[in-house]
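# Remarks on the overall topology
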Amino acid sequence: MMLRLQEESRVSWVEEAIKNLDDILLDHAHCEKKAASMALNLMFRYPHHPQLMKSLSELAREELRHFEQVLEVMKKRGIDFCRQKPSTYAGRLVSIVRKDEPERMLDLMLCAAMIEARSCERMKILSERLEDPSLARFYRGLLACEARHHQVYLDMLETIFAREVIHERLRDISKHESLVLQTPDDFPRLHS
C-alpha cells in the first residue's frame, strides 16, 4: 500500500471531511504547525546526532511554509485561525513509543513518518474529491511534499539504525496506526 500504510481511509471520513471543510482546513493549519514543532523538538532532543540537524531544520521551515499557505487559504475563505479541539489520532499513535533510548528516537521518528504518510493519503483524497478547483489544486500541490516528508524521516533514521530494524519497527507502527484509525474521533479532522 502507498507510503507503507496498512489500509486506506474509510469512505465515511471523506464524506465528513467534504461536509466540514472549514473544520478540516483549521485542523490542517494546526497539523502543519505541530509538524514543524515535532521537527524542532527532535533537533533539541537529539543534538548528539548532527547529521539530522539540517534535514530537521529544512523540514521545520517547510512545515511552517505550509502552515502559512493554509492560513492564506483560510483567509480567502473567511475562516479565522483559532483554537480547536484536536484529533486524538497523534496521541493514540504515539502510545506505541518505547520509553528508553535509542528505541524512543526510532519510534518517535517513525510515528512522525506515519503521520506524514496518512496526511499525504488524505490530501490526495481531498485533491480528487473536492468540487472547489482551487482547493483541489492546493491539496494536489502538497502531495509531493508530504510524501517526501515521510521519506525524509526514514532516510534520517538510516544514518543511525540498520534498515532492517527500521522497517521491522515501521511494520509494527503501521499496524498500530491502522488500529488507531478504527476508532475515529466523532468530529471531523484531517486525521480523525
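The structure under discussion appears in the preceding block.
Now for a description of the structure that goes with this document. (Residues numbered from 1 in each chain as written. Predicted model: local features only at pLDDT ≥ 70, side-chain atom pairs only at ≥ 80, totals over all residues. Heavy atoms only, no water.)

This part covers helix H7 (residues 163-181). Over its 19 residues, H7 runs 27 Å from end to end, which matches the ideal 27 Å to within 8%, given 1.5 Å per residue. On its buried face, H7 sits against helix H4 (89-93), helix H5 (103-129) and helix H6 (133-157). (Helix = DSSP H or I, 4+ residues; strand = E, 2+ residues; numbered from the N terminus. Expected span 1.5 Å × (residues − 1). Contact = heavy atoms within 4.5 Å.)

What follows covers the environment of Thr-88. When you line up the elements, Thr-88 lands in the loop between helix H3 (53-76) and H4. With relative accessibility at 36%, the residue Thr-88 sits in the partly exposed group. Spatially, the C-alpha atom of Thr-88 lies 19 Å from that of Asp-22, the residues being 66 residues apart in sequence. (Buried < 20%, exposed > 50% of the residue type's maximum accessible area, 1.4 Å probe, protein only.)

Two elements in contact, helix H2 (residues 21-45) and H3, have axes separated by 8 Å at closest approach and are oriented at 165°. By the angle between their directions, the pair H2 and H3 is classed as roughly antiparallel. Read as a crossing pair, H2 and H3 show a hand that is left-handed. (Axes fitted to C-alpha atoms, helices over the stretch in contact; angles between N-to-C directions. Parallel < 35°, antiparallel > 145°, perpendicular 65-115°, else oblique. Left-handed = near helix turned anticlockwise from the far one by under 90°.)

What follows concerns the pattern of salt bridges. If you walk through the whole model with that rule in mind, you get twelve salt bridges. Its salt-bridge partner being Lys-54, residue Glu-58 comes within 2.5 Å of it at the nearest N-O pair. Taken together, the positions of Glu-58 and Lys-54, both in helix H3 and four residues apart, correspond to about one turn of that helix. Residues Asp-172 and Arg-169 are paired through a salt bridge, measuring 3.7 Å at the closest nitrogen-oxygen approach. Of this pair, Asp-172 and Arg-169 both sit in helix H7, three residues apart, roughly one helical turn. Judged by relative accessible area, which is 33%, Asp-172 ranks as partly exposed. (Salt bridge = Lys/Arg side-chain N within 4 Å of Asp/Glu carboxyl O.)

Another aspect to go through is H3. Taking 1.5 Å of rise per residue, the 24 residues of H3 would be expected to cover 34 Å, and the 35 Å separating its terminal C-alpha atoms lies within 8% of that figure. Considered for burial, the residues of H3 that qualify are Leu-56, Leu-59, Ala-60, Glu-62, Glu-63, His-66, Phe-67, Val-70, Val-73 and Met-74. Taken together, the buried residues of H3 touch H2, H5 and H6. Gly-78 occupies a position one or two residues after H3 and carries a positive phi of about 75°.

Before going further, it helps to examine the side chain of Arg-189. Take Arg-189: it is sitting in the segment after H7. Buried charge without a partner: Arg-189 forms no salt bridge, and the closest opposite charge is Asp-27, 4.3 Å away. Residues within four places of Arg-189 in sequence aside, it is in contact with Trp-13, Asp-23, Ile-24, Asp-27, Gln-84, Lys-85, Ser-87 and Arg-122. (Lys, Arg positive; Asp, Glu negative; His and termini not counted.)

Grouped together as the largest cluster of nonpolar side chains are 33 residues, with contacts concentrated most on Leu-110 and Tyr-153. Sorting the residues of this core by element identifies H2, H3, H4, H5, H6 and H7 as the ones contributing at least two each. Ranked by residue count, the leading element in this core is H5, at ten residues. Look past the residues within four positions of Leu-110 in its chain and what remains in contact with it is Leu-154, Leu-157, Ile-166, Arg-169, Leu-170 and Ile-173. Counting 26 residues, the second largest nonpolar core, distinct from the first, contains Val-14, Val-73, Leu-135 and Leu-190. (Core = buried A, V, L, I, M, F, W, Y, C linked by side-chain atoms within 4.5 Å.)

The next thing to look at is unusual backbone geometry. Looking along the chain, the bond that leaves Glu-101 and enters Pro-102 is cis, with omega of 5°. Following the sequence through the fold, Pro-102 ends up in the loop between H4 and H5.

Another aspect to go through is the packing of aromatic side chains. Evaluation of the coordinates by the stated rule reveals two aromatic pairs. Judged by centre distance (5.6 Å) and plane angle (80°), the rings of Phe-67 and Phe-81 are edge-to-face. Taken as a pair, Phe-67 in helix H3 and Phe-81 in the loop between H3 and H4 lie far apart in primary sequence, 14 residues in all. Note on Phe-138 and Tyr-139: the rings are 5.3 Å apart at their centroids and 65° apart in plane angle, and the pair reads as edge-to-face. Assessed through its relative accessible area of 15%, Phe-138 is described here as buried. Between Arg-122 and the ring centre of Trp-13, over which it is positioned, the NZ or CZ distance is 4.3 Å. (Phe/Tyr/Trp six-rings, centres within 6.5 Å; stacked < 30°, edge-to-face > 60°. Lys NZ or Arg CZ within 6 Å of the ring centre and 35° of its normal.)

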